[in-house]
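A look at the structure
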Amino acid sequence: EAGVAQSPRYKIIEKRQSVAFWCNPISGHATLYWYQQILGQGPKLLIQFQNNGVVDDSQLPKDRFSAERLKGVDSTLKIQPAKLEDSAVYLCASSLTGGVQETQYFGPGTRLLVL
Amino acid sequence: GQNIDQPTEMTATEGAIVQINCTYQTSGFNGLFWYQQHAGEAPTFLSYNVLDGLEEKGRFSSFLSRSKGYSYLLLKELQMKDSASYLCAVGNSGYALNFGKGTSLLVTP
């Protein structure tokens, strides 16, 4: 079974530029999560999708971050414009139905460095 | 809100036993997860507790006391490959998992 795929793996941009990350969850998983993990900290949930609908985006900085999952499969997370403090690893995860007791499977992450 | 505390770093010797503690305060509780994260890699699932008691899975065990807001991960017969960060995560009354900052475990020869 293929795991969660993410691209790119690494990205370096200058502040005020834009960047987009892509995630393809495990086939058949209805729920998709985007997390931000700053160095030395645990992952912080940015947004959760159930199929193509948003379940929770309470911690997403909506003035600069946006995400979509138009067909309920793969997803894109965008930052526009980027700030220095956005330097982090962006992890995508998926689970079968989204129950809080379910295991979440994580992708390899995209490492973003904002200069 | 939620507050999850775990030690920042621990060191143990190959072949030994180590216990990583996690305390939490949460509004609503839907279980506690432990994930392992090797440097530069994604977190991988280790264990899930929703009822009080000990869950054993090979060399790894996890314990939960809901009344005390306390969990621990016990690693036996430590191996060098167990050097990693161990993340405690709590499911709240909504849909989200809230992660602690992680405990960086170093296993030495």
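The model shown is predicted, which means the values in this text are computed figures rather than measured ones. (Residues numbered from 1 in each chain as written. Chains lettered and ligands numbered in written order. Predicted model: local features only at pLDDT ≥ 70, side-chain atom pairs only at ≥ 80, totals over all residues. Heavy atoms only, no water.)

A few points about the packing of aromatic side chains
What counts here: Pairing of aromatic side chains requires ring centres within 6.5 Å, counting the rings of Phe and Tyr and the six-membered ring of Trp. Pairs whose planes differ by under 30 degrees are stacked, by over 60 edge-to-face, and all others tilted. Strands are runs of DSSP state E lasting at least 2 residues, helices are runs of H or I lasting at least 4, and numbering of each runs from the N terminus. The classification of residues rests on relative accessible area computed with a 1.4 Å probe and restricted to protein chains. Under 20% of the type maximum is buried, over 50% is exposed, and intermediate values are partly exposed.
Summed over the entire model, instances satisfying the criterion amount to 16 aromatic pairs over all chains. Note on phenylalanine 106 of chain A and tyrosine 35 of chain B: the rings are 5.6 Å apart at their centroids and 85° apart in plane angle, and the pair reads as edge-to-face. Here the residue phenylalanine 106 of chain A occupies a position in strand E10 (residues 105-106), and tyrosine 35 of chain B occupies one in strand E4 (residues 32-37), the pair thus bridging two chains. You'll find phenylalanine 106 of chain A and tyrosine 35 of chain B in the same group, each marked buried. An aromatic cluster is present here, built from Tyr33, Tyr35 and Phe106 of chain A together with Phe33, Tyr35, Phe45, Tyr48 and Phe99 of chain B joined pairwise through their rings.

What about unusual backbone geometry?
With omega at -10°, the peptide bond leading from serine 7 of chain A into proline 8 of chain A counts as cis. Between glutamine 80 of chain A and proline 81 of chain A the backbone carries a cis peptide bond, its omega angle lying at -5°. As for its placement among the helices and strands, proline 81 of chain A is situated in the loop between strand E8 (75-79) and strand E9 (88-95). Backbone geometry places asparagine 51 of chain A, a non-glycine residue, at a positive phi of 55°. Unusually for a residue other than glycine, glutamate 77 of chain B sits at a positive phi of about 45°. With respect to the element layout, glutamate 77 of chain B can be found in the loop between strand E8 (70-75) and strand E9 (84-91).

Describing the sheet that holds strand E1 (residues 5-7) of chain A
Residue and element names in this part refer to chain A. Short version of the rule: The rule for pairing is simple: two strands pair if DSSP sees at least two bridges between them. Here an axis means a line fitted to C-alpha atoms, over the contact stretch when the element is a helix, while the angle between two N-to-C directions is reported on a 0 to 180 degree scale.
Within the open sheet, the 4 strands sit side by side as E1-E3-E8-E7. Their pairing is antiparallel. Edge positions in the sheet fall to E1 and strand E7 (65-68), since each has one partner strand and no second. Taking each pair of neighbouring strands and ignoring which way they run, the sheet shows an average axis angle of 15°. Across 3 bridges, the pairing between E1 and strand E3 (residues 19-24) is antiparallel. Looking across to E3, one finds that alanine 5 is bridged to asparagine 24.

Thoughts on the sheet that holds strand E3 (residues 18-25) of chain B
Residue and element names in this part refer to chain B. On the basis of which strands lie adjacent, the open sheet formed by 5 strands has the order E1-E3-E8-E7-E6 and antiparallel pairing. Looking at the sheet topology across the chains shown, the edges are occupied by strand E1 (3-5) and strand E6 (53-57). Direction aside, the axes of adjacent strands within the sheet are offset by 15° on average. In this sheet, E8 lies alongside strand E7 (residues 60-65) in antiparallel orientation, the contact comprising 6 bridges. If you follow phenylalanine 63 over to E8, its bridge partner there is tyrosine 72.

Focus: the state of the cysteines
Stated formally: We call a pair of cysteine sulfur atoms a disulfide whenever their separation is within 2.5 Å.
Considering all chains together, one arrives at 2 disulfides over all chains under this definition. Here cysteine 23 of chain A connects covalently by a disulfide to cysteine 92 of chain A, the sulfurs 1.9 Å from one another. Taking the torsion about the sulfur-sulfur bond, which here is approximately -70°, the covalent link between cysteine 23 of chain A and cysteine 92 of chain A counts as left-handed. Placement of cysteine 23 of chain A in strand E3 and of cysteine 92 of chain A in strand E9 is noted, with a sequence separation of 69 residues between them. The class for cysteine 23 of chain A is buried, based on a relative accessible area of 0%. Each disulfide pairs two cysteine sulfurs, and for cysteine 22 of chain B the partner residue is cysteine 88 of chain B, the sulfurs being separated by 2.0 Å. Residues cysteine 22 of chain B and cysteine 88 of chain B are joined by a disulfide whose S-S torsion is about -70°; by sign, that bridge is left-handed. Remark: cysteine 88 of chain B occurs in strand E9 and cysteine 22 of chain B occurs in strand E3; sequence separation between them is 66 residues. Of the two residues, cysteine 22 of chain B and cysteine 88 of chain B, neither departs from the other in class, the shared state being buried.

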